[in-house]
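Here's the letter readout for the chains.
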Amino acid sequence: MSEENKRKTAFIMAIIVGFLDILVLYLGTIRPTHIGWAVASTGIITFLGTLMLINHLSKSTDFDKGEVRKAMTGSFIVVYFSLVCLLTLTDIGVSDTDLGKTIISHFTYLVGIVVVFYFGSRAVENYLKAPQKPGK
């Protein structure tokens, strides 16, 4: 498969994942009891879609290029933004309570930790791959 066809296929895959995320969130807001399932489904769809997309663009068929780390980070960030938007921009009932504020603040810390470990593990990976100079 040529590089241009790979990119076109990846673009179509990304659009499908984004559309599915938006569709699930929309369907979840129709009934307030389904919002939790919608946010969780968004995370799962994003994780699997990103994993397939990154593996498709990779030259290797193994999951050794950090695909899982990238998929988890992308999934956490999409769920975080979905949750923040749902709790702040809709009237689902928990955004004004202490529970809503606690959920947002704790999830903000969690996403911050995930992002720090993503970039931290990347730095450690690059350090370990760098050639070591003798005498150090």
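The structure under discussion appears in the preceding block.
Residues numbered from 1 in each chain as written. Predicted model: local features only at pLDDT ≥ 70, side-chain atom pairs only at ≥ 80, totals over all residues. Heavy atoms only, no water.

(A) How the structure looks around a nonpolar patch on the surface. Among the surface-exposed residues, Phe11, Ile12, Ile15, Ile16, Phe19, Leu20, Leu23, Tyr26, Leu27 and Ile30 lie close enough to one another that they form a single nonpolar patch of about 1000 Å² accessible area. Among the structural elements, Phe19 can be located in helix α1 (residues 3-28). With relative accessibility at 55%, the residue Phe19 sits in the exposed group. (Patch = residues over 30% accessible without salt bridge, like charges linked within 9 Å, V, L, I, M, F, W, Y side chains within 5 Å. Areas by Shrake-Rupley, 256 points an atom, 1.4 Å probe, with all protein chains shown as cover. Salt bridge = Lys/Arg side-chain N within 4 Å of Asp/Glu carboxyl O. Helix = DSSP H or I, 4+ residues; strand = E, 2+ residues; numbered from the N terminus. Buried < 20%, exposed > 50% of the residue type's maximum accessible area, 1.4 Å probe, protein only.)

(B) Spotlight on the nonpolar core. Grouped together as the largest cluster of nonpolar side chains are 12 residues: Val24, Leu25, Ile35, Ala38, Val39, Val79, Tyr80, Leu83, Leu86, Leu87, Phe107 and Val111. When residues of this core are traced back to their parent elements, those giving at least two are α1, α2 (35-57), α3 (67-89) and α4 (98-129). Of the residues forming this core, the biggest block, five residues, is contributed by α3. (Core = buried A, V, L, I, M, F, W, Y, C linked by side-chain atoms within 4.5 Å.)

(C) Expanded view of the pattern of salt bridges. Within this structure, the stated rule accounts for two salt bridges. Taking the shortest distance from any N to any O, the salt bridge between Arg7 and Glu3 comes out at 3.8 Å. Linking Arg7 with Glu3, this pair stays in helix α1, spanning four residues, or about one helical turn. Take Arg7: its relative accessible area is 56%, and that puts it in the exposed class.

(D) Layout of α4. Its 32 residues place the ends of α4 46 Å apart at the C-alpha level, agreeing with the 46 Å of an ideal helix rising 1.5 Å per residue. Where the residues of α4 are buried, they touch α3. (Expected span 1.5 Å × (residues − 1). Contact = heavy atoms within 4.5 Å.)

(E) Geometry of the packing of aromatic side chains. Inspection of the entire model under this criterion finds three aromatic pairs. With 5.6 Å between their ring centres and 50° between their planes, Tyr80 and Phe81 make a pair best called tilted. By relative accessible area, which is 17% here, Tyr80 ends up buried. Taken together, the ring pairs in this structure connect Phe76, Tyr80, Phe81 and Phe107 into an aromatic cluster. (Phe/Tyr/Trp six-rings, centres within 6.5 Å; stacked < 30°, edge-to-face > 60°.)

(F) Highlighting the packing of α1 against α2. Interaxial distance between α1 and α2 falls to 8 Å at its minimum, and their mutual angle equals 175°. Considered as vectors, α1 and α2 are oriented roughly antiparallel to each other. Residue-level contacts link Lys6, Thr9, Ala10, Met13, Ala14, Val17, Leu20, Asp21, Val24, Leu25 and Gly28 of α1 to Ile35, Ala38, Val39, Ser41, Thr42, Ile45, Thr46, Gly49, Met52, Leu53, His56 and Leu57 of α2. Residue composition of the contact of α1 with α2, grouped by class: 14 nonpolar, seven polar and two charged. (Axes fitted to C-alpha atoms, helices over the stretch in contact; angles between N-to-C directions. Parallel < 35°, antiparallel > 145°, perpendicular 65-115°, else oblique. Nonpolar A, V, L, I, M, F, W, Y, C, P; charged D, E, K, R; others polar.)

(G) Quick look at the packing of α2 against α3. Between α2 and α3, the shortest axis-to-axis distance is 8 Å and the interhelical angle comes to 150°. Taken together, the axis directions place α2 and α3 in an arrangement best described as roughly antiparallel. The two elements α2 and α3 cross, and the hand of that crossing is right-handed. Contacts from Ile35, Val39, Thr42, Gly43, Thr46, Phe47, Thr50, Leu51, Ile54 and Asn55 in α2 reach Glu67, Val68, Lys70, Ala71, Met72, Gly74, Ser75, Val78, Val79, Ser82, Leu83 and Leu86 in α3. The class makeup of the residues in the contact of α2 with α3 is 12 nonpolar, eight polar and two charged. (Left-handed = near helix turned anticlockwise from the far one by under 90°.)

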